[in-house]
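Descriptive analysis of the structure
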Amino acid sequence: MNTISIDKLLEIGIALSREKDDDRLLGLILHEAMGMTSCDGGTLYVYDGESLRFHIMITKSMNFYKGGRDNPVELPPVPMRRTHVAACCAMENKLINIADVYAPNDEYDFSGPKNYDAMTGYRTQSMLVIPMEDDNGDVIGVLQLINAKDENGNTIPFKKEYEKVIASLASQTAICMTNMKHAQETMDLLDSFVSVMSTAIDARTPYNANHTKNMVKYGERFLQYMRDTNNEWQMDAQQEKEFLMSVWLHDIGKLVIPLEVMDKESRLSTRLAEV
């Protein structure tokens, strides 16, 4: 079994805080948790209204990986009932450590993993299920690890010493996800404000109608051309956002410019009349 070092925990913490993509963030925490516990499989669920939605599934021994926006897990969500171990973990915000899902158990319904085993020939045994709790105490997902392994590759129960460490990582991930959500909401608000301001600018005069929106379309086509041609000056995702924001705002000063100056047809009419 792997020994968890303080340096390793710090490295993971730094990596989690730096990640800005939610798909990569969730993939990172699942991979690191599986590596720390030397387990064979893992599933990460995201809380979605009245159920837990499968986000990532990994089974190393079967070379199986599905998840994220580009390769979604096509399984029905887990209903929020306490008989489902992942749902119970989320509803009661508690860590659950099961030595063998096939041992007699009247508390949880393990029909899901058993059906998976019947279809694939896999043998689910030990399971560690951890809630992903953010800094407000809200559970936003569940991390489920399957089949811990010893040095000889034998399936063993998950050791108690890993519970707090993995729970800490899961909580840190949840906080990062919440921060990312808040940041996105702020950006959406800013985008909405800029769009309204740009519309107001264009609406002040018929000579400027739709000018800003058209410039944004040209900007998007320019960025696509840079990507298609693999131009050395092409921008990353953040730079592209900043570039398009500058296009939206390029005429912001026209909000305070008098119409007799801004209207091209009559811009010089007064001065010409004086000559």
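In case you missed it, the structure is sitting above this.
Only a predicted model underlies this, so the values are computations on that prediction, with no experimental measurement involved.

Assignment of secondary structure puts Asp106 in the loop between strand S5 (96–98) and helix H4 (111–120). Using a relative accessible area of 84% as the deciding quantity, one classes Asp106 as exposed.

On the surface, Met187, Leu190 and Phe193 cluster together into a nonpolar patch covering about 280 Å² of accessible area. Mapped onto the elements, Leu190 comes out in helix H5 (residues 163–203).

With that out of the way, let us pick up the pairing of strand S3 (residues 64–67). Bridge count between strand S2 (residues 51–59) and S3: 4 bridges; the pairing is antiparallel. Within S3, the position partnered with Ile56 by the bridge is Gly67. Between S2 and S3, which pair antiparallel and follow one another directly, the connecting turn spans 4 residues, one of which, Asn63, has a positive phi of 55°.

The next thing to look at is the packing of H5 against helix H6 (residues 211–228). In the contact formed by H5 and H6, the axes pass within 8 Å of each other and the chain directions differ by 125°. Our classification of the angle between H5 and H6 gives oblique. Between H5, through Ser198, Thr199 and Asp202, and H6, the contact on the second element is made entirely by His211, Thr212 and Lys213. Partitioning the contact of H5 with H6 into residue classes produces no nonpolar, 4 polar and 2 charged.

Of all 8 residues in helix H3 (residues 85–92), 6 are buried, a share of seventy percent or more. All buried positions along H3 are accounted for by Val85, Ala86, Ala87, Cys88, Cys89 and Ala90. The elements touched by buried residues of H3 are strand S1 (39–48), S2, strand S4 (78–79), S5, strand S6 (127–133) and strand S7 (139–149). Count one or two residues on from H3 and you reach Asn93, which has phi positive near 50°.

Scoring rules and cut-offs
Residues numbered from 1 in each chain as written. Predicted model: local features only at pLDDT ≥ 70, side-chain atom pairs only at ≥ 80, totals over all residues. Heavy atoms only, no water. Helix = DSSP H or I, 4+ residues; strand = E, 2+ residues; numbered from the N terminus. Buried < 20%, exposed > 50% of the residue type's maximum accessible area, 1.4 Å probe, protein only. Patch = residues over 30% accessible without salt bridge, like charges linked within 9 Å, V, L, I, M, F, W, Y side chains within 5 Å. Areas by Shrake-Rupley, 256 points an atom, 1.4 Å probe, with all protein chains shown as cover. Salt bridge = Lys/Arg side-chain N within 4 Å of Asp/Glu carboxyl O. Pairing = 2+ DSSP bridges. Axes fitted to C-alpha atoms, helices over the stretch in contact; angles between N-to-C directions. Parallel < 35°, antiparallel > 145°, perpendicular 65-115°, else oblique. Contact = heavy atoms within 4.5 Å. Nonpolar A, V, L, I, M, F, W, Y, C, P; charged D, E, K, R; others polar.

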